[in-house]
Amino acid sequence: MDQTERGEARIQRRISIRKALDTKIGQYKAPFHQLRISYGMNKGKTYTKEEDRFLTCMLHKLGFDKAYVNDESRQCIRNSPQFSFHWFFRSRTAVELQRRCNALITLIGRENMKPEEKEKAEKKKRGSKPSTQKRKMDGAPDGRGRKKKLKL
């Protein structure tokens, strides 16, 4: 029974990703030129907006859940004249492109979340982080077994 639920959750996730990609691409008349992705605070420095836009459009065009979508998108990148001098982008492996596509899917999924779902995700994110800073009490022994000197 547990395996069935996991399979159904996986199917629901694929459906939600497909809907998110459809709505994102459907917002623009020319998505290869106009598509905007809100990165939030962590954009990263390796991929440009143009490259991310191309990857997102190719995911939508080829179908993100196909088996060899990353190999096909890699081939499209190499054949595309707009990236003829982008050596970094052209030299990426299928695994690296898959990693970037997964990150883009996550960003698009966050954009399409309803406000209630965003609040739940933020609360879950904040609640799951354990406190990493340990505070030593005044007068407690330091790492060498001696009592800590108090500054006055």
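Look a little higher up for the structure.
In what follows, the accompanying structure is described. Please read these numbers as outputs of a predicted model, since none were measured by experiment.

### Some remarks on the overall build of the chain
For the chain, the count of helices and strands is 7 helices and 0 strands. A total of 152 residues make up the chain; the buried ones form 25% of that total. Summarising the internal contacts of the chain: among those between residues at least 6 apart in sequence, 52% fall at separations of at least 24. Carbon and sulfur atoms provide 53% of the accessible area of the chain, an area that totals close to 12200 Å².

### Here's the deal with the packing of helix α1 (residues 2-26) against helix α6 (residues 94-111)
Where α1 meets α6, the axes come as close as 9 Å, and the angle between the chain directions of the two elements is 75°. Classified by the angle between their axes, α1 and α6 sit roughly perpendicular to one another. Mapping the contact onto sequence places Ile17, Ala20, Leu21 and Lys24 in α1 and Ile105, Ile108 and Glu111 in α6. When its residues are assigned to classes, the contact of α1 with α6 shows 5 nonpolar, no polar and 2 charged.

### Here we look at the side chain of Arg53
Within the secondary structure layout, Arg53 lies in helix α3 (residues 49-62). Despite being buried, Arg53 has no salt bridge partner; Glu50 is the closest side chain of opposite charge, sitting 6.0 Å away. Excluding its chain neighbours within four sequence positions, the residues that come into contact with Arg53 are Pro31, Phe32, His33, Gln34 and Leu35.

Here is what the cut-offs are and how they apply
- Residues numbered from 1 in each chain as written.
- Predicted model: local features only at pLDDT ≥ 70, side-chain atom pairs only at ≥ 80, totals over all residues.
- Heavy atoms only, no water.
- Helix = DSSP H or I, 4+ residues; strand = E, 2+ residues; numbered from the N terminus.
- Buried < 20%, exposed > 50% of the residue type's maximum accessible area, 1.4 Å probe, protein only.
- Contact = heavy atoms within 4.5 Å.
- Areas by Shrake-Rupley, 256 points an atom, 1.4 Å probe, with all protein chains shown as cover.
- Axes fitted to C-alpha atoms, helices over the stretch in contact; angles between N-to-C directions.
- Parallel < 35°, antiparallel > 145°, perpendicular 65-115°, else oblique.
- Nonpolar A, V, L, I, M, F, W, Y, C, P; charged D, E, K, R; others polar.
- Lys, Arg positive; Asp, Glu negative; His and termini not counted.
- Salt bridge = Lys/Arg side-chain N within 4 Å of Asp/Glu carboxyl O.

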